[in-house]
Amino acid sequence: MMKSIYAVGLTVLFALVATAHVSAQAIQVVTVNTSDTAGYLEWVQEAAPVFIGASSGPGAVGACVPASGAEQEGDIYWFAAAANAEALLALDPSTPAIAREVAKASSIRTVRTRDVMTIAKPSARRLETGSRYGQWAVFVETSNPGSYVSGMRAMEAAYHEHGFQDVNIAVYSIRTGEQAGKLMTSVTGATMDRVGAAVDALSEPWAVAQLSQIEGSRTIVRAAFSSCQVYASR
């Protein structure tokens, strides 16, 4: 997603209860780089319940693996989601249980960036333990955030009216790092091919009409396609 944003982690964000549903209001995304993707994801799966157990209130931990658009080959986005920024930042990484889990991954990954985002437009997609989804993350610079967010609400509604009821759009305000002040738009679908179909639909007249309303007010900074999974939630 952005130079150092997106991941499960905190996107470890976005548990313990297999039927839990979480609607994230704040997320931390950690961009890591590894030559052992499978090994790192195994670590996320084992460590996620520990992170959830060390926090209070609803939350989720997951990871997104970019298919294209990553800044570096081997990047993975670890994310952690919480009900709000207060709850997200209350998690103490020096807690013994968390420190032990983090140490286990130190030999197979390098942390490149850590960033925090808060919700500007929520999505109906829930972060449920074990759920998988495809994501198109688009980082945007705009002088009129309110207008852009309104445009994304209209775009999501247009998708739903034209056969893409399973496609959802969330918009996050980036609060830290080099991209602070910009927005991250997350377009998600049940599978990567549904995200691809949503991208294909952007050439349809109804989509062109919607996008024409925001084209002059935004600059796309970068974008990435990723496959995501939620490993723990409460």
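Residues numbered from 1 in each chain as written. Predicted model: local features only at pLDDT ≥ 70, side-chain atom pairs only at ≥ 80, totals over all residues. Heavy atoms only, no water.

A.B. asks: For this particular structure, what's the right way to read the overall build of the chain?
C.D. replies: On a plain count of helices and strands, the chain comes out with six helices and eight strands. Secondary structure elements of the chain occur, N-terminal to C-terminal, as β-α-β-β-α-α-β-β-α-β-β-α-α-β. Considering the chain as a whole, with its 234 residues, one finds that 50% of them fall into the buried category. (Helix = DSSP H or I, 4+ residues; strand = E, 2+ residues; numbered from the N terminus. Buried < 20%, exposed > 50% of the residue type's maximum accessible area, 1.4 Å probe, protein only.)

A.B. asks: I'm lost on the environment of Tyr231 in this one. Help?
C.D. replies: Relative to the assigned elements, Tyr231 resides in strand β8 (residues 218-233). Sequence separation between Tyr231 and Arg132 is 99 residues, and the spatial gap between their C-alpha atoms is 9.3 Å. Those residues in contact with Tyr231 that lie beyond four places of it in its chain are Leu41, Val44, Gln45, Ala48, Val61, Gly62, Ala63 and Thr129. At a separation of 3.5 Å, a polar atom in the side chain of Tyr231 contacts the side chain of Gln229. (Contact = heavy atoms within 4.5 Å. Polar contact = N/O pair within 3.5 Å; in protein donor to acceptor, adjacent residues only side chain to side chain.)

A.B. asks: Looking at this structure, I do not really get the sheet that holds β8. What am I missing?
C.D. replies: Sheets are built from strands paired through backbone hydrogen bonds, the pairs being either parallel or antiparallel. The strand order around the closed barrel built from eight strands is β1-β3-β2-β8-β5-β7-β6-β4, with neighbouring strands paired in antiparallel fashion. On average, adjacent strands in this sheet sit at an angle of 35 degrees to one another, irrespective of strand direction. The sheet contact formed by strand β1 (residues 26-33) and strand β4 (residues 110-121) spans eight bridges and is antiparallel. Looking at β4, one finds that Gln28 is bridged to Val116. Relative to the sheet, helix α4 (residues 145-161) contacts β4, β5 (132-142), β6 (168-174), β7 (183-189) and β8, its axis offset from that of β6 by approximately 165 degrees. Here helix α5 (residues 192-200) sits on the sheet in contact with β5, β7 and β8, set at roughly 40 degrees to β5. (Pairing = 2+ DSSP bridges. Axes fitted to C-alpha atoms, helices over the stretch in contact; angles between N-to-C directions.)

A.B. asks: Looking at this model, I keep getting lost on the packing of aromatic side chains. Mind explaining?
C.D. replies: Centre distance and the angle of the planes are the two values used to describe a pair of aromatic rings. Enumeration over the complete set of coordinates arrives at six aromatic pairs. Centroid distance Trp136 to Phe225: 5.7 Å. Interplanar angle 20 degrees. Geometry classified as stacked. With a gap of 89 residues between them, Trp136 in strand β5 and Phe225 in strand β8 connect regions that are remote in the sequence. A connected cluster of aromatic rings, assembled from ring pairs, spans Tyr40, Trp43, Phe51 and Trp78. (Phe/Tyr/Trp six-rings, centres within 6.5 Å; stacked < 30°, edge-to-face > 60°.)

A.B. asks: Help me understand the pairing of strand β2 (residues 59-68), please; the structure alone is not making it clear to me.
C.D. replies: Along any regular strand, the residues point their side chains to alternate faces of the sheet. In terms of burial, β2 is largely enclosed, as seven of its ten residues are buried. Where β2 lies against strand β3 (residues 75-82), six bridges are found, and the strand directions are antiparallel. Bridge assignment links Ala60 to a residue of β3, and that residue is Ala81. Remark: six residues form the turn of the hairpin made by β2 and β3, two consecutive strands paired antiparallel; Gly69 in that turn has positive phi of roughly 95 degrees. Sheet analysis places β2 next to β8, joined by eight bridges and oriented antiparallel. Bridge pairing in β8 places Pro66 opposite Ser226.

A.B. asks: Is there a simple way to explain helix α3 (residues 96-105) in this structure?
C.D. replies: One full turn of an α-helix is made of 3.6 residues, so residues set three or four places apart face in the same direction. Taken residue by residue, α3 has Ile98, Glu101 and Ala105 as its buried positions. Angularly, the buried residues of α3 cover 65 degrees about the axis, an arc narrow enough to put them on a single face. In α3, the exposed positions that point more than 90 degrees away from the buried face belong to Pro96, Arg100 and Lys104. Against the buried residues of α3 lie α1 (37-53). (Arc of directions from axis to C-beta.)

A.B. asks: Explain the side chain of Asn33 here, please?
C.D. replies: With respect to the element layout, Asn33 can be found in strand β1. A polar side-chain atom of Asn33 sits 3.0 Å from the main-chain carbonyl oxygen of Glu73. With near-sequence residues (within four places) excluded, Asn33 lies in contact with Gln72, Glu73, Gly74, Asp75, Ile108, Arg109, Thr110 and Arg112.

A.B. asks: What is the right way to read the environment of Arg132 from this model?
C.D. replies: Among the secondary structure elements, Arg132 is positioned in strand β5. The exposure class assigned to Arg132 is exposed, which follows from its relative accessible area of 59%. Here the alpha-carbon distance between Arg132 and Cys64, two residues 68 residues apart in the chain, equals 9.6 Å. Of the polar contacts made by the side chain of Arg132, one reaches the side chain of Gln229; its length is 3.1 Å.

A.B. asks: Any chance you could explain the pattern of salt bridges here in plain terms?
C.D. replies: If charged atoms from side chains of opposite charge come close, those side chains can pair. All told, the structure shown has seven salt bridges when counted by the stated rule. A salt bridge links Lys104 to Glu101, with the nearest nitrogen and oxygen atoms 3.1 Å apart. One end of the pair is Lys104 and the other is Glu101, both in helix α3 and three residues apart, which spans about a single turn. Classification of Lys104 by relative accessible area gives exposed; the value is 54%. The partner of Lys121 in a salt bridge is Glu156, with the nearest N and O atoms 2.9 Å apart. A residue pair is termed long-range when its members are at least 10 positions apart, and Lys121 in strand β4 and Glu156 in helix α4 qualify at 35 residues. For Lys121, a relative accessible area of 2% corresponds to the buried category. (Salt bridge = Lys/Arg side-chain N within 4 Å of Asp/Glu carboxyl O.)

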